Amino acid sequence: MSYNSEIKATENPDIDDFIKAATDNVPPSLRERPWACDDMNHGKSVLNNEEQLNCYMAAYGEMHKQKMERILADFPYQDIKGNFEIFDW
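For the structure given in this document, a descriptive report is provided here. Keep in mind that what you see is a predicted model, and the values were worked out from it rather than measured.

### Some details on the overall build of the protein
- Along the backbone of the protein there are three helices and zero strands.
- Starting at the N terminus and walking to the C terminus, you meet the elements of the protein as α-α-α.
- With the C-alpha coordinates aligned to their principal axes, the bounding extent of the protein is approximately 50 × 30 × 20 Å.
- Looking at the protein as a whole, 22% of its 89 residues qualify as buried.
- Contacts in the protein between residues far apart in sequence, at least 24 positions, make up 37% of those at least 6 positions apart.
- With the model as given, the accessible surface of the protein reaches about 6,800 Å², and the carbon-plus-sulfur share is 52%.
- Side chains of the protein carry 9 positive and 17 negative charges; the gap between the two charge centres is 4 Å.

### Description of a nonpolar patch on the surface
- Where nonpolar side chains cluster on the molecular surface, the patch consists of Ile71, Leu72, Tyr77, Phe84 and Ile86 and spans about 450 Å² of accessible area.
- Within the secondary structure, Tyr77 is located in the segment after helix H3 (50-73).

### Description of helix H2 (residues 15-24)
- All of the buried residues along H2 are Ile19, Ala21 and Ala22. Down the axis, H2 shows its buried residues gathered within 165° of arc, on one side only.
- Where H2 is buried, its residues touch helix H1 (3-8) and H3.
- The distance from a side-chain oxygen at the start of H2 to the backbone nitrogen of Asp16 is 3.1 Å, and the residue carrying that oxygen is Asp14.

### Quick look at the environment of Gly43
- Tracing the chain through its elements places Gly43 in the loop between H2 and H3.
- Using a relative accessible area of 24% as the deciding quantity, one classes Gly43 as partly exposed.
- Sequence-wise, Gly43 and Ser2 are 41 residues apart; in three dimensions their C-alpha atoms are separated by 22 Å.
- Not counting the four nearest positions on each side in its chain, Gly43 is found in contact with Tyr56 and Tyr60.

### Things to note about the side chain of Gln52
- Following the sequence through the fold, Gln52 ends up in helix H3.
- The residues contacting Gln52, other than those within four sequence positions of it, are Cys37, Asp38, Asp39, Met40, Val46 and Leu47.

Cut-offs and rules
- Residues numbered from 1 in each chain as written.
- Predicted model: local features only at pLDDT ≥ 70, side-chain atom pairs only at ≥ 80, totals over all residues.
- Heavy atoms only, no water.
- Helix = DSSP H or I, 4+ residues; strand = E, 2+ residues; numbered from the N terminus.
- Buried < 20%, exposed > 50% of the residue type's maximum accessible area, 1.4 Å probe, protein only.
- Contact = heavy atoms within 4.5 Å.
- Areas by Shrake-Rupley, 256 points an atom, 1.4 Å probe, with all protein chains shown as cover.
- Lys, Arg positive; Asp, Glu negative; His and termini not counted.
- Charge placed at Lys NZ, Arg CZ, Asp CG, Glu CD.
- Patch = residues over 30% accessible without salt bridge, like charges linked within 9 Å, V, L, I, M, F, W, Y side chains within 5 Å.
- Salt bridge = Lys/Arg side-chain N within 4 Å of Asp/Glu carboxyl O.
- Arc of directions from axis to C-beta.
- Polar contact = N/O pair within 3.5 Å; in protein donor to acceptor, adjacent residues only side chain to side chain.

Shown next as structure tokens:
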């Protein structure tokens, strides 16, 4: 199943679903080392195709998830007045 099909088939997908779908779609030759995907430069290069995106998410998705969980756990929600948006760039 493709990444898009897997996500569309998931009701209310969350970050774990996105990471799993990407990992499921890493080419077999890169499953044990998705960070080694061609021209990805260990996640520093601009991603140019779906294979690179899947490899990136498989290699670094859990790390990003943990960083955001840590940041949001300490976020001073009580100090916010009105609406706000959080961007992970």
